[in-house]
Amino acid sequence: MNKQQNKEHAPGKGHGNRGNMLDVLFTSAARICALLVLLIIIAIMASLFMGAWPALRKFGLSFLTSAEWNPVTEQFGALVAIYGTIVTSIIAMVIGVPVSFGIAIFITELCPAWLKRPVSTAIELLAAIPSIIYGMWGLFVFAPFFGDYIEPWISDHLGELPFIGPFFSGPPLGIGVLTAGIILGIMVIPFMAAVFRDLFEVVPPVLKESAYGIGATTWEVIRNIVLPYTKTGVVGGIMLGLGRALGETMAVTFVIGNADRLETSLLMPGNTISSSLANQFTEAVGEIYTSSLIALGLILFLITFIVLSFAKFFLLRLTLKEGAKT
Amino acid sequence: MKTNTLLAGLALLAACFIICPGAWAADKMSAISGAGATFPYPVYAKWASAYYKLTGIKMNYQSIGSGGGIKQVKAKTVDFGASDAPLKPKELEKSGLIQFPMIMGGVVPVVNLRGIEPGQIRLSNRLMADIYLGKVRKWNDERIKAENPGLSLPGRTITVVHRADGSGTTWIFTNYLSKVSPQWKEKVGSAKAVAWPAGIGGKGNEGVASYVKRISGSIGYVEYAYALQNHLTYVKLKNREGAYVEPNSKTFQSAAANADWENARGFYMVLTDQPGKDSWPITGASFILMHKVQQRPDVARAALKFFDWCYKKGPKMAEKLDYVPMPMKVVDLVEKTWKNEIKDSSGNPVWP
């Protein structure tokens, strides 16, 4: 291969030089693009930090632990928003991950060939729906249904249980942290399902067929062949979904109830970081108020960063363990 | 060869950059630019298009929110700013601005109670505050019953709905609550967004309205035009004179006419809880902000001419959109202020 290339470039020195030059140009362009991303991230981080500095200086660590958000007295704390962001994302993952797995397994392993195309296309279409549509659907269709039929049942049956009871009691408004989490779950499903499907499809059929050949069930094939083969990608897919859930704004704003109070019950209204930002940024006046909102943005940035680092760390440990085993 | 083409291209680009701003500036002479509050945007846009047809003078208004409007007029990137909440005289002086009221609207409490028609339920100012403080929790509370003899009220829990986004509507509403309830003033206060002691937050008027429509036993507050156009069940309020009033343009105008504008420095006047038997207690005006010293007096004059036209020829259009025009008495005061306060850089009055 190499020889052939050399032969091709051999006639005419100028041509070779030109090729070299283009190559250098291309490498440096690619390098600049990559560095640009890094530079942009650092710049975002720096400007967020500079914007957030007045609030961080004034409130210190209590910005993270205070549940008070009062624009009148200019006392700000991020606890309610952080709690809401994390809890809604957890609910979304609890719903989204198993369902996406189910969808992907169905499409790659169980689905009759004629159904494969329509189901796959439907998922891709779901992924293309703008988030405001999910928000409006959530507010006008899902929240009324949820508040009238599901939440009374939840609060009657689960609200009485020990330990988890307090999380599921309260008036059935249809609007609140749980509703927001479920909407988020529905929103992340198409993303994760599409990634999982693509991943499962690249598993060499030889491996799967051998497993089936020695009498493995579908579940065993998934558990012992497909998942180990694709785990890096699966974790990546989950992170993609989690990233979307953490940062989603419009859909959450519509259904979460936007109340800056810390409530145990998931049926009560709450707030998330991105929804606070979307609601309050345009009309925020005064240095501390604006700066506190920017500090919220910084915290969201850090949460995403921590989640991603954790995922990388997790993957690293996974591969290390594997090395030890063999 | 290639380099030449490249150079030529660059030169062309550079020429564009040099020429374009000139062309743009020339164009600007016949255009007035403003930015700010979203609440009056529909009527400003309507006035602007009518005025353009009449005179060929363009008025560009960006409804980016009051906060943004104030920032932009201070930075002189626009000819005027607009704010739903008046600036304090001190702040006006500090940044060399004057303000004047342009158009009015009201905030209307709306409820969702089965079998109760618009205007049927009556509440006192103090009750409104106690409901929003979370102190009155049931619709069949003795105090609500006392205001509504003969009305059968359900034993439902009251769900309070408020705005989630920072807004002038909230500013007017919380200003009203602070005036009528010392406890509200002390515990919560008034601003475009506050720490609500109870309830859930909807985004925008439509968010509040849809929550109220959805949740049986809820109470919320929306702009008058919004309540009217969506046929929401509004509340009759007992004003400071003890009279029950319905929200309509007559009761808003009464609040504006009875307000003591002449003694309000810098037109710092909030129309909540005003005297007068017919006055709706949650009325508010939207304000225009301009610099006292105008670097470009011709543009300032064009803007003032436009505002003058709006005051005099605009009321019909405003009423059609369910806004309430300023009373003539106030307009005269405003135009007197223009004459006395807005000057060009050498000190000559810009108006008339």
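Up top is the structure these notes are about.
What counts and what doesn't
- Residues numbered from 1 in each chain as written.
- Chains lettered and ligands numbered in written order.
- Predicted model: local features only at pLDDT ≥ 70, side-chain atom pairs only at ≥ 80, totals over all residues.
- Heavy atoms only, no water.
- Helix = DSSP H or I, 4+ residues; strand = E, 2+ residues; numbered from the N terminus.
- Buried < 20%, exposed > 50% of the residue type's maximum accessible area, 1.4 Å probe, protein only.
- Contact = heavy atoms within 4.5 Å.
- Areas by Shrake-Rupley, 256 points an atom, 1.4 Å probe, with all protein chains shown as cover.
- Lys, Arg positive; Asp, Glu negative; His and termini not counted.
- Charge placed at Lys NZ, Arg CZ, Asp CG, Glu CD.
- Salt bridge = Lys/Arg side-chain N within 4 Å of Asp/Glu carboxyl O.
- Pairing = 2+ DSSP bridges.
- Patch = residues over 30% accessible without salt bridge, like charges linked within 9 Å, V, L, I, M, F, W, Y side chains within 5 Å.
- Buried area = accessible area lost by both parts, 1.4 Å probe.
- Polar contact = N/O pair within 3.5 Å; in protein donor to acceptor, adjacent residues only side chain to side chain.
- Nonpolar A, V, L, I, M, F, W, Y, C, P; charged D, E, K, R; others polar.

(A) Structural context of the overall build of chain B. A tally of regular secondary structure across chain B gives 14 helices and 15 strands. Expressed as a percentage of its 352 residues, the buried residues of chain B come to 56%. Long-range pairs, those at least 24 residues apart, make up 73% of the contacts in chain B between residues at least 6 apart in sequence. Total accessible area on chain B is roughly 15,500 Å²; 54% of this is exposed by carbon and sulfur atoms. Of the side chains in chain B, 46 bear a positive and 28 a negative charge, and the two mean positions are spaced by 4 Å.

(B) Representation of the pattern of salt bridges within the structure. Residue and element names in this part refer to chain A. Counted under the stated rule, the structure contains 16 salt bridges over all chains. The shortest N-O distance in the salt bridge between Asp-198 and Arg-197 comes to 3.0 Å. Assessed through its relative accessible area of 40%, Asp-198 is described here as partly exposed. Here Arg-197 falls in the buried class, since its relative accessible area comes to 9%.

(C) Fine view of the pairing of strand β2 (residues 58-62) of chain B. Residue and element names in this part refer to chain B. Because side chains alternate across β2, one face comprises the buried residues Met-59 and Tyr-61, and the other comprises Lys-58, Asn-60 and Gln-62, none of which is buried. Sheet analysis places strand β1 (residues 31-36) next to β2, joined by five bridges and oriented parallel. For Gly-34, the partnering residue across the bridge sits in β2 and is Tyr-61.

(D) Fine view of a nonpolar patch on the surface. A grouping of Ile-132, Ile-133, Met-136, Trp-137, Phe-140 and Val-141 of chain A is seen on the molecular surface, where their side chains present a nonpolar patch of about 540 Å² in accessible area. Here Ile-132 of chain A lies in helix α6 (residues 131-157).

(E) Main features of the interface of chain B and chain A. Contacts between the two partners involve 31 residues from chain B, matched on the other side by 30 residues from chain A. Both sides together, the interface formed by chain B and chain A hides about 2,100 Å², and carbon and sulfur atoms give 55% of it. Among the residues of chain B in contact with chain A, Lys-203, Tyr-211 and Arg-214 of chain B are the three that bury the most area, contributing 28% of the side total. On inspection of chain B and its partner chain A, the count reaches zero salt bridges. Along the contact surface separating chain B from chain A lie seven residue pairs in polar contact (both at pLDDT 80 or more). Looking at which element gives the most residues to the side of chain B that touches chain A, the answer is helix α3 (residues 66-74) of chain B, with four residues. Residue classes in the side of chain B that touches chain A are distributed as 13 nonpolar, 13 polar and five charged.

(F) Looking closely at the sheet that holds strand β10 (residues 236-238) of chain B. All names here are of chain B. Strand order across the open sheet formed by three strands is β5-β10-β11, with mixed pairing between neighbours. Each edge of the open sheet carries a strand with a single partner, namely β5 (122-124) and β11 (244-245). By the bridge criterion, two bridges tie β10 to β11 in an arrangement that is antiparallel. Along β11, the bridge assignment pairs Leu-237 with Val-245.

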